[in-house]
Amino acid sequence: MRFEDIDIHTLLPQQEPFVLIDRLVHFDEERTTTLFTVREDHLFYEDGHLNACALVENIAQTCAARMGYINQYIYKKKVQLGFIGSVRNLVVKRVPKLGETLTTTITVVEEIMKLTLVNAEIKVDEETIVTAEMKIALSEQEVLEPQLVTSINEGEG
């Protein structure tokens, strides 16, 4: 399967309006890369730019896309929930502006049991705007299908 044919929503536990990646563009055992274009209608867009909190979540969602890809296309399982265990050495050189496309790459440093440590870098064109280390803890809990979540919510009254 080609990466451009994958609906990013099928890889993530997050759903709109919280999605901060548009598409998966690279996956291998060591590296995963995603793209996200800053839109003014996004929840985390304010005062002409994407806020800094969204950048940490963008990194976390790139990690989630990696695990979602592994689960769905390698293990043939459902997407699992993950949690940010820690963020270290976060450097935000600047926040991205409207229309800029973020290229976020995570590189796996170590995986032990259900914990993954990654180095992350966010670029706009060739400019590195964010670097960080992130630890992600993977849960055993699988995510409900988005359509099922919608139908459950509609049934509440």
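Residues numbered from 1 in each chain as written. Predicted model: local features only at pLDDT ≥ 70, side-chain atom pairs only at ≥ 80, totals over all residues. Heavy atoms only, no water.

Peer 1: Please set out the side chain of Thr116 residue by residue, giving values where relevant.
Peer 2: Within the secondary structure, Thr116 sits in strand E7 (residues 115-124). Relative accessible area serves as the criterion here: at 12%, Thr116 is assigned to the buried category. Dropping the residues within four chain positions of it, Thr116 is found in contact with Arg66, Val108, Glu110, Glu111, Met134, Lys135 and Ile136. (Helix = DSSP H or I, 4+ residues; strand = E, 2+ residues; numbered from the N terminus. Buried < 20%, exposed > 50% of the residue type's maximum accessible area, 1.4 Å probe, protein only. Contact = heavy atoms within 4.5 Å.)

Peer 1: Give me the packing of aromatic side chains: which residues, what numbers.
Peer 2: Any pair of aromatic rings gets described here by the distance separating the centres and the angle formed by the planes. With the rule as written, the count across this model stands at 3 aromatic pairs. Here Phe27 and Tyr69 contribute two aromatic rings whose centre-to-centre distance is 4.7 Å and whose plane-to-plane angle is 40 degrees, an arrangement assigned as tilted. With Phe27 in strand E1 (residues 23-27) and Tyr69 in helix H1 (residues 52-74), the pair connects residues that are 42 residues apart, well separated along the chain. Classification of Tyr69 as buried rests on a relative accessible area of 14%. One aromatic cluster in this structure is built from Phe3, Phe27, Tyr69 and Tyr73. (Phe/Tyr/Trp six-rings, centres within 6.5 Å; stacked < 30°, edge-to-face > 60°.)

Peer 1: Can you tell me about the pattern of salt bridges, naming the residues and giving the values?
Peer 2: Taken as a whole and judged by the stated rule, the model has 7 salt bridges. A salt bridge links Glu4 to Arg2; the shortest N-O distance between them is 3.4 Å. We classify Glu4 as partly exposed; its relative accessible area is 45%. One salt bridge in this structure joins Arg39 and Asp41, with 3.3 Å as the shortest N-O distance. The network of salt bridges with common partners includes Arg2, Glu4 and Asp5. (Salt bridge = Lys/Arg side-chain N within 4 Å of Asp/Glu carboxyl O.)

Peer 1: Any details on the pairing of strand E2 (residues 31-37)? Residues and values, ideally.
Peer 2: Judged from the 4 bridges that link them, E1 and E2 form a sheet pairing that is antiparallel. If you follow Leu24 over to E2, its bridge partner there is Thr34. Counting the residues in the hairpin turn of E1 and E2 gives 3 residues. (Pairing = 2+ DSSP bridges.)

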